[in-house]
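The chain contents come next:
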Amino acid sequence: MAIIESVRAEFLYYKALGERAIAQLDGAGLSASPPGGGNSIATICWHVSGNLRSRFTDFLTTDGEKPWRKRDEEFEVRAVTRDELLEKWEQGWSVLLGALDSLTDGDLERTVTIRNQPSAVREALLRSLAHVSYHVGQIVYAAKAARGDEWRYLSIPPGGSEQHNQQLASERQGRR
């Protein structure tokens with residue numbers, strides 16, 4: 001697998017993880033601050049979308065911090081519907097995925113600029129992937145806190161590791 005394809009797959013993993021957490025909440029839950037305070041899921045989605053749109057619009061040719069981006073507004077408290085949230089979320093992801101589709105592994109050593117700081121494409125991609133995964137982790141944590149005992153685990157549930165490993169082993173044997 002090419003490196004760009006691998007990076008794209010990781011971004012898509014975190015996109016899906018965030019969406020599976022978002023799917024467990026209603027509109028009020030998406031706009032509520034998590035226990036102990038902090039940014040709501042809606043606020044985090046606005047920020048992730050704004051960041052991705054800014055960084056990956058004309059990725060190779062313009063500074064990743066666009067003059068039209070209003071970063072501070074991304075953190076304003078907002079009440080949104082699920083549809084509004086998912087529309088905003090998709091705006092950022094579609095720009096990112098379009099940019100990734102235009103890249104090849106040969107572009108990894110090219111230089112891009114973010115906030116007037118040059119870096120290799122590979123570094124910018126890894127930085128963005130880390131940024132997205134950090135915020136998706138916040139989304140998952142906030143959704144889990146809101147759902148409490150009704151939370152549906154997005155990966156191996158507590159106490160399920162042995163069963164999961166046995167299932168994987170059986171699947172591997174079945175493919176042989």
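Residues numbered from 1 in each chain as written. Predicted model: local features only at pLDDT ≥ 70, side-chain atom pairs only at ≥ 80, totals over all residues. Heavy atoms only, no water.

Draft legend 1. Expanded view of the overall build of the chain. When helices and strands are tallied, the chain shows seven helices and two strands. The helix and strand sequence of the chain, counted from the amino end, reads α-α-α-α-α-β-β-α-α. Along the three orthogonal principal directions, the C-alpha set of the chain runs to about 50 × 50 × 25 Å. Every one of the 176 residues in the chain was classed for burial, and the buried ones make up 38%. When the accessible area of the chain is evaluated, it comes to approximately 10,100 Å², of which 50% is carbon and sulfur surface. Charge-centre separation for the chain: the mean point of 22 positive side chains lies 2 Å from the mean point of 24 negative side chains. (Helix = DSSP H or I, 4+ residues; strand = E, 2+ residues; numbered from the N terminus. Buried < 20%, exposed > 50% of the residue type's maximum accessible area, 1.4 Å probe, protein only. Areas by Shrake-Rupley, 256 points an atom, 1.4 Å probe, with all protein chains shown as cover. Lys, Arg positive; Asp, Glu negative; His and termini not counted. Charge placed at Lys NZ, Arg CZ, Asp CG, Glu CD.)

Draft legend 2. Seen up close, unusual backbone geometry. Backbone geometry places Arg-115, a non-glycine residue, at a positive phi of 55 degrees. Along the polypeptide, Arg-115 turns up in the loop between β1 (111-114) and β2 (117-120). Overall, the relative accessible area of 41% leaves Arg-115 in the partly exposed class. If you check the backbone angles, Asn-116 has positive phi at about 65 degrees while not being a glycine. Here Asn-116 is to be found in the loop between β1 and β2.

Draft legend 3. Up close: the pairing of β1. In β1, alternate side chains face the same way, and those of Val-112 and Ile-114 are buried while those of Thr-111 and Thr-113 on the opposite face are not. Alignment of β1 against β2, held across four bridges, turns out to be antiparallel. Within the sheet, the bridge partner assigned to Val-112 lies in β2 and is Ser-119. Where β1 hands over to β2, the hairpin turn is made up of two residues, of which Arg-115 adopts a positive phi near 55 degrees. (Pairing = 2+ DSSP bridges.)

Draft legend 4. Molecular detail of the nonpolar core. The biggest cluster of nonpolar side chains holds 41 residues, and the ones touching the most others in it are Phe-11, Ile-41, Phe-59, Leu-85, Trp-93, Leu-125 and Ile-139. Those elements that provide at least two residues to this core are α1 (3-22), α3 (41-56), α5 (82-102), β1 and α6 (121-147). Setting aside residues up to four positions removed in sequence, Trp-93 forms contacts with Phe-11, Lys-15, Val-48, Leu-52 and Val-132. (Core = buried A, V, L, I, M, F, W, Y, C linked by side-chain atoms within 4.5 Å. Contact = heavy atoms within 4.5 Å.)

Draft legend 5. Region of interest: the pattern of salt bridges. Taken as a whole, this structure holds eleven salt bridges when the rule is applied. Two residues, Arg-122 and Glu-123, come together in a salt bridge whose shortest N-O distance is 3.5 Å. By relative accessible area, which is 40% here, Glu-123 ends up partly exposed. (Salt bridge = Lys/Arg side-chain N within 4 Å of Asp/Glu carboxyl O.)

Draft legend 6. Examining the environment of Gln-167 more closely. Tracing the chain through its elements places Gln-167 in helix α7 (residues 161-175). Note on Gln-167: relative accessible area 44%, which makes it partly exposed. For the pair Gln-167 and Lys-66, spaced 101 residues apart in the sequence, the C-alpha separation amounts to 47 Å.

Draft legend 7. Here's a closer look at the side chain of His-47. Residue position: His-47 is located in helix α3. The residues contacting His-47, other than those within four sequence positions of it, are Arg-69, Arg-71, Glu-74, Phe-75, His-131 and His-135.

It is worth stressing that arrangement in space is one thing and function is another; only the former is reported here.
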